[in-house]
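Structural overview
Residue strings, one per chain:
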Amino acid sequence: MAVKVLIIEDNPVARAFLCRVVRESFSDAQQISEAGDLETARRHLGAAASAPGADPYRLILIDLELPDGNGMELLSELVHYPATKIVATLYSDDEHLFPALQHGADGYLLKEDRFEVLVEELQKIVRGQPPLSPAIARRLLSHFRQGAAADAPATSPGAFITQPGSLDAARPAHGEPPPDTERLTPRETEVLTYLSKGFTIKEIAGLMGIKWFTVNDHIKSIYRKLNVSSRAEAAVLATKQGLV
């Protein structure tokens with residue numbers, strides 16, 4: 001079955017460019033839908049959800065400035081939607097970047113980047129890494145370095161565990177899971193076992209005979225259930241608890 005992709009961009013030339021980027025980025029067959037505004041995007045999403053045997057979109061690229069509103073609105077609406085949501089925009093300033101991440105964006109790309117750069121960044125999805133344009137990655141690194149320096153006197157060493165490339169804010173260091181931690185399903189346990197051995201999402205998909213986006217869904221569920229934000233944390237915690 002083809003992977004469903006939705007590209008939301010009002011400029012036809014930019015939309016065609018992003019379609020090319022998506023097609024070049026993944027080896028899986030793709031079914032790409034295009035929308036030039038929020039209304040059309042919502043129609044696509046509604047149709048996909050209501051169709052018999054509905055298969056949701058797995059990747060959504062969202063422009064922030066659209067004729068009938070702001071892409072942030074849609075990000076907020078899709079916070080629980082089972083797709084990887086990537087902002088594709090011209091804005092690299094803090095006023096757009098951080099609100100987009102807070103509204104649920106899983107990555108942030110600048111449309112002005114070269115074709116090859118955008119392809120390389122989108123391909124990070126199958127490795128479980130957030131797609132970030134180089135300028136955005138530098139901006140985030142600078143921001144958190146400045147924040148860490150400002151907080152240093154009040155923060156004890158080892159108080160936080162951070163994961164390079166993670167879009168989540170630093171979380172408290174994890175020891176034991178909370179009492180209400182949900183049990184992993186057998187499929188999630190299998191994925192976690194492969195993760196702990198260092199396999200990439202694409203390799204796990206091949207070993208298990210499933211699509212990479214299905215593996216990605218399992219990983220998100222594992223992180224949520226174990227209350228962790230990286231594969232290293234998940235593997236250590238799972239070993240301590242005898243989950244793998």
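Residues numbered from 1 in each chain as written. Predicted model: local features only at pLDDT ≥ 70, side-chain atom pairs only at ≥ 80, totals over all residues. Heavy atoms only, no water.

1. Structural notes on the overall build of the protein
Scanning the protein for helices and strands turns up ten helices and nine strands. Buried positions account for 42% of the 244 residues belonging to the protein. Considering only contacts in the protein between residues 6 or more positions apart, those separated by 24 or more positions represent 64%. (Helix = DSSP H or I, 4+ residues; strand = E, 2+ residues; numbered from the N terminus. Buried < 20%, exposed > 50% of the residue type's maximum accessible area, 1.4 Å probe, protein only. Contact = heavy atoms within 4.5 Å.)

2. Side note on the sheet that holds strand β6 (residues 84-89)
Spatially, β2-β1-β3-β6-β7 is the arrangement adopted by the five strands of the open sheet, whose pairing is parallel. For this open sheet the edge positions go to β2 (30-35) and β7 (107-110), each flanked by a neighbour on one side alone. Strand-to-strand twist in this sheet, taken as the mean axis angle between neighbours without regard to direction, amounts to 20°. Pairing between β6 and β7: four bridges, direction parallel. Across the sheet, Thr 89 pairs through a bridge with Leu 110, a residue of β7. Each of β1 (3-8), β2, β3 (59-62) and β6 is contacted by helix α1 (residues 12-25), which is oriented at about 160° to β2, the strand it contacts most. (Pairing = 2+ DSSP bridges. Axes fitted to C-alpha atoms, helices over the stretch in contact; angles between N-to-C directions.)

3. Description of the confidence of the model for the protein
Per-chain confidence: the protein averages 81 in pLDDT, with 82% of residues scoring 70 or above. The secondary structure element of the protein with the lowest average pLDDT is strand β8 (residues 160-161), at 29, and the one with the highest is β3, at 97. Counting contacts from residues 154-180, a segment whose pLDDT is below 50, to residues more than four positions away or on other chains yields 37 contacts. (pLDDT = per-residue confidence, 0-100.)

4. Some details on the packing of helix α7 (residues 186-196) against helix α8 (residues 201-208)
At their nearest, the axes of α7 and α8 sit 10 Å apart, and the two run at 130° to each other. Taken as axis vectors, α7 and α8 run oblique relative to one another. Note that α7 runs across α8; the crossing there is right-handed. Together, Arg 187, Glu 190, Val 191, Tyr 194 and Leu 195 of α7 and Ile 204, Leu 207 and Met 208 of α8 make up the contact between the two elements. In the contact of α7 with α8, the residues fall into six nonpolar, no polar and two charged. (Parallel < 35°, antiparallel > 145°, perpendicular 65-115°, else oblique. Left-handed = near helix turned anticlockwise from the far one by under 90°. Nonpolar A, V, L, I, M, F, W, Y, C, P; charged D, E, K, R; others polar.)

5. What to know about the side chain of Lys 4
Along the chain, Lys 4 turns up in strand β1. Here Lys 4 sits buried without a salt bridge, and the closest side chain of opposite charge, Asp 55, lies 5.8 Å off (N-O distance). A polar atom in the side chain of Lys 4 sits 3.1 Å from the backbone oxygen of Asp 55. Apart from residues no more than four positions distant in its own chain, Lys 4 is found in contact with Gln 31, Ala 48, Asp 55, Pro 56, Tyr 57, Arg 58 and Leu 59. (Lys, Arg positive; Asp, Glu negative; His and termini not counted. Salt bridge = Lys/Arg side-chain N within 4 Å of Asp/Glu carboxyl O. Polar contact = N/O pair within 3.5 Å; in protein donor to acceptor, adjacent residues only side chain to side chain.)

6. Quick word on the environment of Gln 102
Structurally, the position occupied by Gln 102 is in helix α4 (residues 94-102). Separated by 27 residues in sequence, Gln 102 and Leu 75 place their C-alpha atoms 9.4 Å apart.

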